[in-house]
Amino acid sequence: MNFPLQIECFGLRLHPHPVFEAAGYFLGARAYFLLRRRQKEAALPLETNLWLLVGCVFGAWAGSKLLAWAESPAYYRALLATVGPPALLGGKTIVGGLLGGWAGVELAKKLCRVAAITPMSERG
């Protein structure tokens, strides 16, 4: 299958999906740090915030893969038999990513003992 659009960049022809995915990660991180800088006081310490971010990223990655595999198990079993373990790197779903990211944040909150996110000045 030939994708009708290729992005030309520094003499390379790139598929738009990874380009826009990388741009989304970059812009999301920039927006996060910009909004965090605008706040007078952080609601959580930086270390806790970063653990929540780790939970979100890995939860989204795992959720997107697991739902893709659950959606088409016969396809991935056949692909695994022919290609081997690299076949498991393919396939992602946005719904699985959203659900997995949410679950990852909730798990990270539980491990970091964060019940609710409130400004540090309001804590006792």
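Definitions and cut-offs
- Residues numbered from 1 in each chain as written.
- Predicted model: local features only at pLDDT ≥ 70, side-chain atom pairs only at ≥ 80, totals over all residues.
- Heavy atoms only, no water.
- Helix = DSSP H or I, 4+ residues; strand = E, 2+ residues; numbered from the N terminus.
- Rg over C-alpha atoms; globule rule 2.2 N^0.38 Å.
- Buried < 20%, exposed > 50% of the residue type's maximum accessible area, 1.4 Å probe, protein only.
- Areas by Shrake-Rupley, 256 points an atom, 1.4 Å probe, with all protein chains shown as cover.
- Axes fitted to C-alpha atoms, helices over the stretch in contact; angles between N-to-C directions.
- Left-handed = near helix turned anticlockwise from the far one by under 90°.
- Contact = heavy atoms within 4.5 Å.
- Nonpolar A, V, L, I, M, F, W, Y, C, P; charged D, E, K, R; others polar.
- Expected span 1.5 Å × (residues − 1).
- Polar contact = N/O pair within 3.5 Å; in protein donor to acceptor, adjacent residues only side chain to side chain.
- Phe/Tyr/Trp six-rings, centres within 6.5 Å; stacked < 30°, edge-to-face > 60°.
- pLDDT = per-residue confidence, 0-100.

Summing up its helical and strand segments, the chain has 4 helices and 2 strands in all. Sequence-ordered secondary structure for the chain, helices as α and strands as β, is β-β-α-α-α-α. Its C-alpha atoms give the chain a radius of gyration of 19 Å, clearly above 14 Å, the size a compact globule of 124 residues would have. In terms of principal-axis extent, the alpha carbons of the chain reach across some 60 × 40 × 20 Å. Across the 124 residues in the chain, those meeting the buried criterion constitute 19%. For the chain, the exposed surface amounts to about 9,600 Å²; the carbon and sulfur share of it is 70%.

This paragraph deals with the packing of helix 2 (residues 46-71) against helix 4 (residues 94-111). In the contact formed by helix 2 and helix 4, the axes pass within 6 Å of each other and the chain directions differ by 145°. The hand of the helix 2/helix 4 crossing is right-handed. Where helix 2 approaches helix 4, its residues W51, L52, G55, C56, G59, A60, G63, S64 and L67 are matched on the opposing element by V95, G96, G97, G100, G101, G104, V105, A108 and K109. Of the residues contributing to the contact of helix 2 with helix 4, the split by class is 8 nonpolar, 9 polar and 1 charged.

Take the side chain of T48 next. Assignment of secondary structure puts T48 in helix 2. Classification of T48 as buried rests on a relative accessible area of 17%.

Turning next to unusual backbone geometry. Here the phi dihedral of F10 falls at roughly 50°; this positive angle occurs in a residue that is not glycine. As for its position among the elements, F10 is in the loop between strand 1 (7-9) and strand 2 (12-14).

Moving on to the environment of K65. For K65, the position within the fold is in helix 2. The class for K65 is buried, based on a relative accessible area of 6%. Taking the C-alpha atoms as reference points, K65 and I94, separated by 29 residues in sequence, lie 9.7 Å from one another. In this structure, K65 is in contact with L88, L89, G90, G91 and K92, ignoring residues within four places of it in sequence.

The next thing to look at is helix 4. Three or four residues apart is the spacing at which side chains of an α-helix point the same way, because the helix has 3.6 residues per turn. The first and last C-alpha atoms of helix 4 sit 25 Å apart over 18 residues, in line with the 26 Å expected at 1.5 Å per residue. Of all the residues in helix 4, the buried ones are G96, G97, G100, G101, G104, A108 and K109. Structurally, the start of helix 4 carries an N-cap: the backbone nitrogen of G96 is 3.1 Å from a side-chain oxygen of T93. Directly beyond the C-terminal end of helix 4, a positive phi value near 60° is found at R113.

Taken as a whole and judged by the stated rule, the model has 2 aromatic pairs. With 5.0 Å between their ring centres and 80° between their planes, Y75 and Y76 make a pair best called edge-to-face. Judged by its relative accessible area of 11%, Y76 falls in the buried class.

Below, the discussion takes up the confidence of the model for the chain. Per-residue confidence for the chain gives a mean pLDDT of 85, with 91% of residues at or over 70. Per-element confidence in the chain ranges from a low mean pLDDT of 83 for strand 1 to a high of 94 for helix 4.

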